[in-house]
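Topology and contacts: notes
If you want the building blocks of each chain, they are given just below.
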2 protein chains.
Amino acid sequence: MKTFNLRLYLVTDEACLRYANLLDAVEEALQAGVTLVQYRDKKGLGKEMLQKAVALRILCHRYHIPLIVNDRLDVALLSGADGVHLGQDDLPVEEARRLTGPDFIIGATAHNVQEALAAQAAGADYLGCGAVFATETKHDTVPLGLEGLRAIRKAVHIPIAGIAGVTAKNYRQVLATGADGAAVVSAILGTEDITTAVKAFLEVK
Amino acid sequence: MKTFNLRLYLVTDEACLRYANLLDAVEEALQAGVTLVQYRDKKGLGKEMLQKAVALRILCHRYHIPLIVNDRLDVALLSGADGVHLGQDDLPVEEARRLTGPDFIIGATAHNVQEALAAQAAGADYLGCGAVFATETKHDTVPLGLEGLRAIRKAVHIPIAGIAGVTAKNYRQVLATGADGAAVVSAILGTEDITTAVKAFLEVK
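As a starting point, this report considers the structure included with it. Since we're looking at a predicted model, the values are computed, not measured.

1. Notes on the overall build of chain A
Counting its secondary structure elements, chain A contains nine helices and eight strands. Expected size for 205 residues packed as a compact globule is a radius of gyration near 17 Å; at 15 Å, chain A falls within 12% of this value. By principal-axis analysis of the C-alpha atoms, chain A measures approximately 40 × 40 × 30 Å. Counting the 205 residues in chain A, one finds 57% classified as buried. Residue pairs at least 24 apart in sequence account for 60% of intrachain contacts in chain A once pairs closer than 6 positions are excluded. Entry remark: accessible area of chain A is about 8700 Å², with carbon and sulfur atoms responsible for 52%. If the 21 positive side-chain charges of chain A are averaged to one point and the 24 negative ones to another, these points end up 4 Å apart.

Dropping the structure here:
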């Protein structure tokens, strides 16, 4: 059975990391309470990505948290990760499902209601929806905004997370749209104190 | 059963293509007699790569020639390609095999005898060995040379192809090492007359 919680979904990006080591940073975030982890490495090569994904899967599973791998379905499957996250330029959801069991989590990116409905129809298990706010780590999207996030929430029944520019300060607004949570990169990994950063999110009700 | 012939192994690289369209270029090369095709697109995104791989697989199979996909095992499997080619920085051969049947072709890159023996032991079905000559399309390798290619030929029993800088003029030297053939990029796709380029190779005995 697929069990995952989008409430505070940590997405890795080594470029914004202030800690010396990705695994140490993710472990601190897990201890502090992130609810899901995605390993994202857009420039990664297969061999190194597989090694890191295996290390992250072992770490995440010690905290009973699923690991999702961005883009590379082959790395996701071989690493023993729990799922894959597919952007609009990545493998189509319905194609990816042909290589996975039904219990494998497939997440998709949606920039608008149309993409959200299409991904749900294709069998996506959750949606990362954005860009909710302006951000430095993603430049490829037309901003969706909080209103757009609310519109997607009304249109689909699968869990959704807001992504891009979400901080502890605007997290309440994201949750107020009805979204199940937020995917966060730099507001956690780009800080010098990950525990404090995660706690600041989790205190928001 | 795995049947493939490394004699004249066309590797795609759209950056060096002089034809307007990759499929047209590959079809002309197939008509002229290349014996194996690899779809390589190091900067490709999953969705587009899958579309191109499917189109190339349909094309190659019309000519009864197998299609190999570079690096992306997920794209290779979903496209119905016959195999995957894995460089030293890509997924390890023995890991990739866990996702494929025994009849799926797995090729590996070897830069020296040690890598060649390791890839063979890991279950590779063939080796691309190089760099045989200096080339513009690959800068990441210490040249192997013809002597190195001959040393690999003596060390392993699986089929091997020389790669990098092979032209119709030096192709005879490559075959004289005992290699089964050569993998060629720009000496076919970088020309303005692919039929003539392929025929020039095939006339070499």
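2. Some remarks on the sheet that holds strand E4 (residues 83–86) of chain A
Residues and elements named next belong to chain A. With parallel pairing, eight strands are arranged side by side around a closed barrel as E1-E2-E3-E4-E5-E6-E7-E8. Put simply, the sheet's adjacent strands are angled 25° from each other on average, direction ignored. When strand E5 (residues 105–110) meets strand E6 (residues 126–129), the two strands line up parallel, connected through four bridges. Paired with alanine 110 across the bridge in E6 is cysteine 129. Across the sheet, helix H2 (residues 46–62) is in contact with strand E2 (36–39) and strand E3 (67–70); its angle to E3 comes to roughly 160°. Packed on one face of the sheet, helix H6 (residues 145–155) meets E5, E6 and strand E7 (160–163) and runs near 165° to E7.

3. Regarding the pattern of salt bridges
Summed over all chains, the structure comprises 24 salt bridges over all chains. A salt bridge links arginine 72 of chain B to aspartate 71 of chain A; the nearest nitrogen and oxygen atoms lie 3.5 Å apart. Residue arginine 72 of chain B is found in the loop between strand E3 (67–70) and helix H3 (73–79), and its partner aspartate 71 of chain A is found in the loop between E3 and helix H3 (73–79); the two belong to separate chains. Side by side, arginine 72 of chain B and aspartate 71 of chain A carry an identical accessibility label, which is buried. Here the salt bridges share partners, and the residues they tie into one network are Lys2, Arg97 and Asp125 of chain A.

4. Brief notes about unusual backbone geometry
The omega angle of the peptide bond from glycine 130 of chain A to alanine 131 of chain A is 5°, so this bond is cis rather than trans. Tracing the sequence through the fold places alanine 131 of chain A in the loop between E6 and H6. Phi is positive for alanine 164 of chain A, close to 95°, though the residue is something other than glycine. The topology assignment puts alanine 164 of chain A in the loop between E7 and helix H7 (171–176). Of the residues examined, alanine 164 of chain A reaches a relative accessible area of 10% and is grouped as buried. We note that aspartate 71 of chain B has phi near 70°; this positive angle belongs to a residue other than glycine. Look at aspartate 71 of chain B and you get buried, because its relative accessible area is 11%.

5. Some points on the state of the cysteines
A covalent bond bridging the sulfur atoms of two cysteines is what the word disulfide describes. In the structure shown here, the tally under the stated rule is zero disulfides over all chains. Lacking any disulfide linkage, cysteine 60 of chain B is separated from the closest cysteine sulfur, that of cysteine 16 of chain B, by 16 Å.

6. Regarding the relation of the copies chain B and chain A
The pair of chain copies shares a relation made of a rotation about an axis and a shift along it. Note on the copies: chain B fits chain A at an RMSD of 0.0 Å, the axial shift is 0.0 Å, and the rotation between them is 180°. The superposition operator between the copies reduces to a two-fold rotation axis. When C-alpha positions in chain B are compared against the rotation axis, the closest is assigned to aspartate 74 of chain B, at 2.5 Å. Same-surface contact between copies: 100% of interface residues of chain B are shared with the interface of chain A.

7. Let's talk about the packing of aromatic side chains
All names here are of chain A. Overall, the coordinates contain six aromatic pairs over all chains when judged by the stated rule. Where tyrosine 171 meets phenylalanine 201, the ring centres are 5.0 Å apart and the plane angle is 75°; that geometry is what we call edge-to-face. Here phenylalanine 201 lies in helix H9 (residues 194–202) and tyrosine 171 lies in helix H7, a separation of 30 residues in the sequence. Residues tyrosine 171 and phenylalanine 201 agree in their burial class; the two are buried. Among the aromatic residues, those joined into a cluster by ring pairs are Phe4, Tyr9 and Tyr126.

8. Concerning the nonpolar core
Leu127 and Ile188 of chain A together with Leu127 and Ile188 of chain B are the most contacted members of the largest nonpolar core, which has 151 residues in total. Ignoring sequence-local partners within four residues, the contact set of leucine 127 of chain B consists of Ala108, Ala116, Ala119, Ile152, Val156, Ile158, Pro159, Ile160 and Ala161 of chain B.

Cut-offs and rules
As a convention, each chain's residues are numbered from 1 in the sequence order in which they are written. Starting at A for chains and at 1 for ligands, labels are handed out in the order in which the entities are written. Per-residue local features are limited, in this predicted model, to residues with pLDDT of at least 70; the limit for side-chain atom pairs, both in listing and counting, is 80 or more; totals at the level of whole chains, interfaces and linings are taken over all residues. Just so you know, side-chain values use all the structure's heavy atoms and leave hydrogens and water out. Secondary structure is summarised from DSSP: a helix means a run of H or I of at least four residues, a strand means a run of E of at least two, and numbering begins at the N terminus for each. A radius of gyration in this sense is built from C-alpha atoms; the matching globule rule multiplies 2.2 Å by the number of residues raised to 0.38. Accessible area is worked out with a 1.4 Å probe on protein chains only. A residue is then buried under 20% of its type maximum, exposed over 50%, and partly exposed in between. Throughout, a residue-residue contact means that at least one pair of heavy atoms, one from each residue, lies within 4.5 Å. Computed with the Shrake-Rupley method and a 1.4 Å probe, the accessible areas treat only the protein chains shown as cover for residues. Only four residue types enter the tally: Lys and Arg on the positive side, Asp and Glu on the negative side; His and the chain ends are excluded. Charged side chains are reduced to one point each, which is NZ for Lys, CZ for Arg, CG for Asp and CD for Glu. What makes two strands pair is DSSP finding at least two bridges between them. Inter-axis angles, ranging from 0 to 180 degrees, are taken between N-to-C directions of lines fitted to C-alpha atoms, where helices are fitted over the stretch in contact. The working definition used for a salt bridge is a side-chain nitrogen of Lys or Arg within 4 Å of a carboxyl oxygen of Asp or Glu. Here, two cysteine sulfur atoms that lie within 2.5 Å of each other are counted as a disulfide. For this overlay, a least-squares fit was computed on C-alpha atoms, restricted to residues scoring pLDDT of at least 70 in both copies. Only rings of Phe, Tyr and Trp enter the pairing, Trp through its six-membered ring, and a pair is recorded when the two centres are within 6.5 Å. The plane angle decides the type: under 30 degrees is stacked, over 60 is edge-to-face, the rest tilted. To form a nonpolar core, buried Ala, Val, Leu, Ile, Met, Phe, Trp, Tyr and Cys residues must be joined to one another through side-chain atoms within 4.5 Å.

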